[in-house]
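Geometric and topological summary
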Amino acid sequence: MKRIMINKDLCYGCLSCSLACMAEHGKEKTTLYHLDLENKENSSRNFIALDSNNKPVPIFCRHCDEPECVDACISGAMTKDKNTGLVTYNQEKCASCYMCIMSCPYGVLKADDSARKIIMKCDFCGENSMPKCVESCPNQAIYLIEVNAI
Amino acid sequence: MKYVIIGAGAAGISAAKTLLDFDEKNQIVLISEDEKAYSRCMLHFVIAGKRDIDTISFVDEKLFDSDRISWISGKKVTELIFVEREVVLEDKSHVSYDKLLIAAGANAVIPPIKGMEHSKNVFVLRNIGDANAIREVASFAKRAVIIGAGLVGLDAASALLSLGLEVTVVEMADRILSLQLDSYSASQYQRVMEDMGAVIYTGVSVVEVKQNRNGFVETVHLNNGAVLECDLVVTAAGVRPNTIFIPDNSLEMNRGIQVNDCMQTSIPDVFAAGDVTGITGIWPAATKQGKIAAYNMAGKDEHFDDYFSAKNAIHLFGIGTVAIGMPVAPDNSYVEAVWKNDAVYKKIIYKDGIVYGIILQNDVSRSGFWTRVIKEKWKINTSVKNIFDVTYADFFCINEEGEYTFRQQP
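Residues numbered from 1 in each chain as written. Chains lettered and ligands numbered in written order. Predicted model: local features only at pLDDT ≥ 70, side-chain atom pairs only at ≥ 80, totals over all residues. Heavy atoms only, no water.

1. Looking at the pattern of salt bridges
The condition that has to hold: Any carboxyl oxygen of Asp or Glu that lies within 4 Å of a side-chain nitrogen of Lys or Arg is treated as forming a salt bridge with it. A 1.4 Å probe rolled over the protein chains alone gives each residue an accessible area, and that area as a share of the maximum for its type sets the label: buried under 20%, exposed over 50%, partly exposed in between.
With the rule as written, the count across this model stands at 29 salt bridges over all chains. A salt bridge links Lys311(B) to Asp306(B); its shortest N-O distance comes to 3.4 Å. With relative accessibility at 8%, the residue Asp306(B) sits in the buried group. One salt-bridge network, in which partners are shared between bridges, spans Glu68(A), Lys288(B), Asp306(B), Lys311(B), Arg372(B), Lys375(B) and Glu376(B).

Take a look at the structure:
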C-alpha cells in the first residue's frame, strides 16, 4: 500500500496541503482558488503544527498497521481495509463518541467544526488517485512511498 | 484446530476477526447469550429511539460469511468441563474445543438498597433487553430517578430527558462524573441537564425505595430526607465480571478471571479477554485483549501492554470532553494549569515536566497524543513552550516505513 512520507525539513508551512484537503472534501469539491475559507464545513484532515523551535511539522494520518482508532471505535465506523491497507471512516455508523480522537497517538483526528459530529478522517482521496495534499505540496515535503503494511 | 469463543462483545468479536485473518484451516465457534452483536456503548440511543439493535451493531456482517466460523447465538453457557474440553449450554448441548476464549463480559450490579429487588420498574443498563425495557416503561412513565451519575447513568439521563421525562439523578460523590472530571467540567454538564429540567443531587445516597402493592417502585428515599416520587428507576452503580458459569476452584480468579499478558488463564489452552478479566472496563482494552488472546491461541507470542485505562471520551448534551489521567491534583506539589473562555475549558495537571492529567472540554481536536504522553510519562519542556500549545510536533519522529514514533524530549 502507499503511505504519505514526510520530510519535515522541506516543509515551510505554506499550508497548501491543508487547503487542498479542505477543497477536496468540502460539500462541493473545489480547488484552492475557489475554496471558501469562511465556511466552517470546510475542514482539513491533515494539519501543520509548530514544534518547540517554531518549525512547521506536517501531521498526517498514517493509516497505521495497528490503528488505535479502529481498536477504540465502538460503532464499527473506523475499520482497516485488509486489501487496500487504508483505515476508512463510515459516517453513517459513527456515534460521535470521540474515542478515536482521544486514541490516535499522534493527535491527527478532530471532529468537524460545525455540528462536531463527523470525524475528519483522511481517506487518501479515494484509493487509486494521488492524494490532493501530496499533489499540492510545492516542495515535495510530502510524497508517496510504497510500504508492505497489512 | 477448533477455537471456541464465549461472548460476542468487543473482545470476542476482535478475537474471531483475528483468528479468521490467520488464514489457517482453523474452525471458529462463537457462542453468545446475545442474539446479535451490538455495542453496549450505544444502548442509550436505543432507549431514545435514535437507533435500533441493528444500527448499534459494530460488526461487519461479512465476518460470518466464512465457512470457518459458526455462531451459536442466544444461548447461555451454564458449565465448563475443562478436563473434557467442553462447554455446556443452557439447552444441555455440549461444544468441544481445542482452545477456549472466555470473553463473557460483565454484568451490571444492583446495589443492595432496601426495596430494589423484585420490582417491575427498576432497571440496570447493560444489555439490549434493559434498553428495550426502559424504553417501554419510559413510553408511559413521567418521572425517572437515576441512581449513579457515572457514564452509564448520564447516558440513561440523556436518553430519558430526550424522551421528555422528568429526570432526577442521585450521586454519592460531590459531583457528577466524579471519576472522570473535575468540578468545573462536571458543572458544565450539570448546568445543561438542569436547563433541560433535570434535578441533580450530589453528595447523597439512596437509603430505601418503596414499592406499591403491584411491585412498582413509587418513591426513592435519600439520606438527606428527600423523597423522590417516580415511576421508573435506572440504577447505574457499576459492573462485575460475568463468571457465574466458571466452576469453583477451577480457574485462578481475582476481580474476574486471572490472566497473564498473553491472556492465558491458569488452565492451559483456556484464555480470557475483555471485561470478564476485570483488568479494565474500557472498549479499546477489550478489543486489544481479544486480539492478543487470538494470537496466543494460534501459537504466536504476543503480549498485551496497554493497561492504562484512565481515559474517557464523553459526548453528551452537546458537550464533548476528553479526560485522561487524574482529573484533580492530589496536592499542591502539582501545577494545575487552566485555559478557559466562555465555551472552552482546558486543564493540565503536571509536575516536573511530567503530565499526570488533562481535561479538554469543547475543544478536543487533535488531542489524542496526550493519551500516549500521559500513559508513558514522557517529559514536556514547559520552559520553551506553553503547555497548551504542545502537539505531536514536539515529539515528531518518522521511520522508513512512514510510521510515526515518539522522540523523547531531553
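2. Focus on the domain arrangement of chain A
Residues and elements named next belong to chain A. Spelled out, the test is: What fixes the domain bounds is an automatic or database domain assignment. Contacts are residue-level and defined by heavy atoms, with any inter-residue pair within 4.5 Å sufficient. Throughout, the accessible surface (probe 1.4 Å) given up by two parts as they are put together, summed over both, is called the buried area. Each polar contact in these results corresponds to two N or O atoms within 3.5 Å; when the atoms are within protein, one needs to be able to donate a hydrogen and the other to accept it, and residues that are neighboring in sequence are counted only if both atoms are side-chain atoms. All residues other than Ala, Val, Leu, Ile, Met, Phe, Trp, Tyr, Cys, Pro, Asp, Glu, Lys and Arg, Gly among them, are scored as polar; the first ten of these are nonpolar and the last four charged.
Examined at the domain level, chain A breaks down into domain 1 (1–60 + 122–142) and domain 2 (63–108). Contacts between the two partners involve 10 residues from domain 1 and, on the opposite side, 11 residues from domain 2. Surface buried jointly by domain 1 and domain 2 totals about 760 Å² across both partners, of which 61% is contributed by carbon and sulfur atoms. Across the salt bridge formed by aspartate 65 and arginine 3, the nearest N and O atoms sit 2.9 Å from each other. Here domain 1 and domain 2 share 3 residue pairs in polar contact (both at pLDDT 80 or more) between them. In the side of domain 1 that touches domain 2, the residues fall into 6 nonpolar, no polar and 4 charged.

3. Thoughts on the pairing of strand β19 (residues 311–316) of chain B
All names here are of chain B. The criterion, for reference: Each helix is a run of DSSP H or I of at least 4 residues and each strand a run of E of at least 2, with the numbering of both proceeding from the N terminus. At least two DSSP bridges between two strands are required for those strands to pair.
In terms of burial, β19 is largely enclosed, as 5 of its 6 residues are buried. Bridge count between β19 and strand β20 (residues 319–325): 6 bridges; the pairing is antiparallel. Each residue of the ladder has a partner; that of isoleucine 314, found in β20, is threonine 321. The turn joining β19 and β20, which pair antiparallel and follow one another in sequence, is formed by 2 residues; a positive phi near 55° is taken by phenylalanine 317.

4. Brief notes about helix α4 (residues 151–162) of chain B
Residue and element names in this part refer to chain B. Put simply, the rule reads: A helix is expected to span 1.5 Å for every residue after the first.
With 12 residues, α4 extends 17 Å from end C-alpha to end C-alpha; this agrees with the ideal 16 Å at 1.5 Å per step. Taking burial as the measure, the 12 residues of α4 include 9 buried ones, the bulk of the element. Regarding α4, the residues found buried are Gly153, Leu154, Asp155, Ala156, Ala157, Ser158, Ala159, Leu160 and Leu161. Of the residues trailing α4, glycine 164 is marked for its positive phi of about 90°.

5. Describing the packing of helix α1 (residues 10–21) of chain B against helix α6 (residues 283–297) of chain B
Residues and elements named next belong to chain B. The test is simple: To obtain each axis, a line is fitted to C-alpha atoms, and for helices this fit is confined to the stretch in contact; angles are then taken between N-to-C directions over 0 to 180 degrees. Crossings are sorted by hand: turned counterclockwise from the far helix by less than a right angle, the near helix makes the crossing left-handed, and turned clockwise it makes it right-handed.
The interhelical angle for the contact between α1 and α6, taken along N-to-C directions, is 40°, at an axis separation of 7 Å. As α1 packs across α6, the resulting crossing turns out to be right-handed. Where α1 abuts α6, its residues Ala10, Ala11, Ser14, Ala15, Thr18 and Leu19 lie against Trp283, Ala286, Thr287, Gly290, Lys291, Ala294 and Tyr295. Grouping the constituent residues of the contact of α1 with α6 by class yields 8 nonpolar, 4 polar and 1 charged.

6. Focus on the sheet that holds β19(B)
Residue and element names in this part refer to chain B. If you walk across this open sheet you meet the 5 strands as β19-β20-β23-β22-β21, and the pairing is antiparallel. The two strands at the open ends of the sheet, each matched to only one other strand, are β19 and β21 (335–340). Mean inter-strand twist for the sheet, computed between neighbouring axes without regard to direction, equals 10°. Pairing of β20 with strand β23 (residues 354–361) involves 5 bridges; the strand directions are antiparallel. Opposite isoleucine 324, over in β23, you have isoleucine 358 as the bridge partner. Relative to the sheet, helix α5 (residues 183–195) contacts β19, β20, β21, β22 (345–351) and β23, its axis offset from that of β20 by approximately 155°.

7. Quick look at unusual backbone geometry
Unusually for a residue other than glycine, His63(A) sits at a positive phi of about 45°. You can see His63(A) is positioned in the loop between β3 (56–59) and α2 (68–72). Although it is not a glycine, Asp269(B) sits at a positive phi angle of roughly 70°. Its place among the elements puts Asp269(B) in the loop between β17 (239–241) and β18 (270–272). Taking the relative accessible area as the measure of exposure, Asp269(B) reaches 24% and is therefore partly exposed.

8. Here we look at α1(B)
Residues and elements named next belong to chain B. Taking 1.5 Å of rise per residue, 12 residues should cover 16 Å, and α1 covers 17 Å from first to last C-alpha, within 8% of that figure. The buried fraction of α1 amounts to 10 of the 12 residues, a majority that puts the element mostly inside the structure. Within α1, the full set of buried residues consists of Ala10, Ala11, Gly12, Ile13, Ser14, Ala15, Ala16, Thr18, Leu19 and Leu20. Along its buried surface, α1 packs onto β1 (2–6), β2 (27–32), β3 (69–73), β7 (99–102) and α6.

9. Regarding the packing of aromatic side chains
Applied cut-off: Two rings from Phe, Tyr or Trp (for Trp, the six-membered ring) form a pair when their centres sit within 6.5 Å of each other. Planes less than 30 degrees apart are called stacked, planes more than 60 degrees apart edge-to-face, and all others tilted.
Counted under the stated rule, the structure contains 17 aromatic pairs over all chains. On the basis of an interplanar angle of 65° and a centroid distance of 5.2 Å, the ring pair of Tyr106(A) and Tyr392(B) is categorised as edge-to-face. One end of the pair, Tyr106(A), is in the loop between α3 (99–103) and α4 (132–136); the other, Tyr392(B), is in the loop between α7 (369–376) and β24 (396–398), on a second chain. Residue Tyr106(A) is classed as buried on the basis of its relative accessible area, which comes to 10%. Look at Phe396(B) and Tyr404(B): their rings are 5.4 Å apart centre to centre, the planes differ by 65°, and that puts the pair in the edge-to-face class. When its relative accessible area of 4% is taken as the criterion, Tyr404(B) is described as buried.

10. Overview of the confidence of the model for chain B
Heads up, the rule is: Each residue carries a pLDDT score, the predictor's confidence in it, ranging from 0 to 100.
Taken residue by residue, chain B gives an average pLDDT of 96. The fraction at 70 or more is 99%. Reported for the predicted complex are a pTM of 0.96 and an ipTM of 0.96.

11. Remarks on the environment of Ala329(B)
Residues and elements named next belong to chain B. Note that alanine 329 resides in the loop between β20 and β21. Here the alpha-carbon distance between alanine 329 and isoleucine 348, two residues 19 residues apart in the chain, equals 9.5 Å. Here alanine 329 is in contact with Tyr334, Glu336 and Ile349, once residues within four sequence places are set aside.

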